[in-house]
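# Summary of structural features
What follows is each chain in one-letter form.
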Amino acid sequence: MNYEALSGESILLLGKTRALNSEEFDTLLKLHKITRVGSYSEDVALIIEGRMMNPYEQSESARLYEESQTPIVELSPFEEWLCRSIEPNRLLMSLKLSRNQERLVDFLQNPYITDELFFKLLKLYDWQNEGLFDNDTNRDVTASIIGRFYADLDRNHNVQYAMSGLAHLIERYGNPELINAIIELSPIANEIKNPKDRSLNGVLDAIALHPDTQESILRLLLEERAVLLAHREPLGLERELLALQNEEINSLLAQNATLSREGALQLESAYPQLIASKTLLDEDRFERLLEKYAANLAANPSLSPAMQQKLYSLNDDRVLGALASNPMTLSEILGHLFERGEFSDSLASNPSLSSDKLESLASSTDPEVLSALAANTATPIDTLYQLSLDRRFERAVKTNPTFGKHIQTHNIGWF
């Protein structure tokens, strides 16, 4: 409907407003030269069904449906249209001057304002030196952050009112702008400066691990969360983490697939096995480690085809077993290993093995082979069904993401 055509006309609202309070609603109506009346007359150009209509209003709505030719619409699209009329700079200035926190919270709970305006308004909120959920108003503001950006909120309303919900929001829907806004919330900012609230650990951990978190924020978290930062992929603050010269952190860095070539070279002598199996390989590193750490190299996902062929030619059982379980191993090599019939448990765990070969392995009597098949996301569904009938492998099948997705897609539930 073209609401712009209502300029100079009257409207009737049955029930209450939702996204806007009554005063804000009327103020925006005036901008469009629209008058709100209290009862129906022939001059009314539009009837709006709001929330919480009382019995009289419900009866009046039913009557007008039958007797009136005046259009009747729901409240939400009309409020959304009105909210597009909000002038951000004027609103921000008004709220700064008035310091009206109640009005501010109303706008923070308004789903129709832009994200840009929402983030600006959020900076004006006074948390009163209390936590994100420590009082009703703080709870409502925190819930508005989660509710605005949590895409599938309808499936889990309670996520808005739990600290774990904020952490999950960052993990699943985090982006630089949202993460920056959350890190600037005074309860979060104060916790970084003076750690004492353990309930915020999950939120800060999620920020530390998120790939979109800016390095300036990571530096704020370095002192308390260096171990977590060493897990990040892509890795940030590599120099700073290496400079700590901490054995635990260096061990984690040596296992990080996004560690730079320079960083890997720095750690190679102390952690050769980890560097061989986890970090990005180049020809020099491969040749340097080949003699002593061939089996570790065979597990590295960055192996080039030439490197794989060289390792395969060694004809070493440990090396071949590692190649058999490496998802990046060439299908040609996997085929040769399958024909040998010696590495069935490793092959059964490899999601890159062809479905026909995985099905063939299901005839094995080796519980290790069958257990690996039950957990392999590439194992055909029919095979997983058969394995689920065996109590030894039932749990592995039911926690297999491929099987879980199949169950949800076909809406047949667990059995």
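Quick note: structure is the one above.
Residues numbered from 1 in each chain as written. Predicted model: local features only at pLDDT ≥ 70, side-chain atom pairs only at ≥ 80, totals over all residues. Heavy atoms only, no water.

### Quick word on the packing of helix α6 (residues 115-122) against helix α7 (residues 136-149)
What counts is decided by this rule: Comment: axis = line fitted to C-alpha atoms, over the contacting stretch for helices; angle = value between 0 and 180 degrees taken between N-to-C directions. Working definition: helices are DSSP H or I runs of at least four residues, strands are E runs of at least two. Numbering for both runs from the N terminus. Oblique is the label for every angle not falling under 35 degrees (roughly parallel), over 145 degrees (roughly antiparallel), or within 65 to 115 degrees (roughly perpendicular). Crossing chirality is assigned from the near helix's rotation relative to the far helix, an anticlockwise turn below a right angle marking it left-handed and a clockwise turn marking it right-handed. Residue contacts follow a heavy-atom distance rule, with two residues in contact if any of their heavy atoms lie within 4.5 Å. Each residue is assigned to one of three groups, with Ala, Val, Leu, Ile, Met, Phe, Trp, Tyr, Cys and Pro labelled nonpolar, Asp, Glu, Lys and Arg labelled charged, and all others, Gly among them, labelled polar.
Across the interface, α6 lies against α7 with an axial gap of 12 Å and an inter-helix angle of 160°. Taken together, α6 and α7 sit at an angle that is classed as roughly antiparallel. In this structure, α6 crosses over α7, and the sense of that crossing is left-handed. Here α6 contributes D115, F118, F119 and L122 to the contact with α7, which in turn contributes V141, S144, I145, R148 and F149. When its residues are assigned to classes, the contact of α6 with α7 shows 6 nonpolar, 1 polar and 2 charged.

### Digging into the sheet that holds strand β2 (residues 35-37)
Formally: Any two strands are treated as partners once DSSP identifies two or more bridges connecting them.
The 4 strands are arranged β2-β1-β3-β4 in an open sheet whose pairing can be described as parallel. Two strands in the sheet have a free side with no partner beyond their single neighbour: β2 and β4 (72-74). Each adjacent strand pair in this sheet contributes to an overall mean axis angle of 35°, direction not counted. The pairing of strand β1 (residues 10-14) with strand β3 (residues 44-49) spans 5 bridges and is parallel. Its bridge partner being in β3, I11 is matched across the sheet by L46. Relative to β2, helix α1 (residues 22-31) is tilted by about 135°, and along the sheet it contacts β1 and β2. Each of β1, β3 and β4 is contacted by helix α3 (residues 75-83), which is oriented at about 75° to β4, the strand it contacts most.

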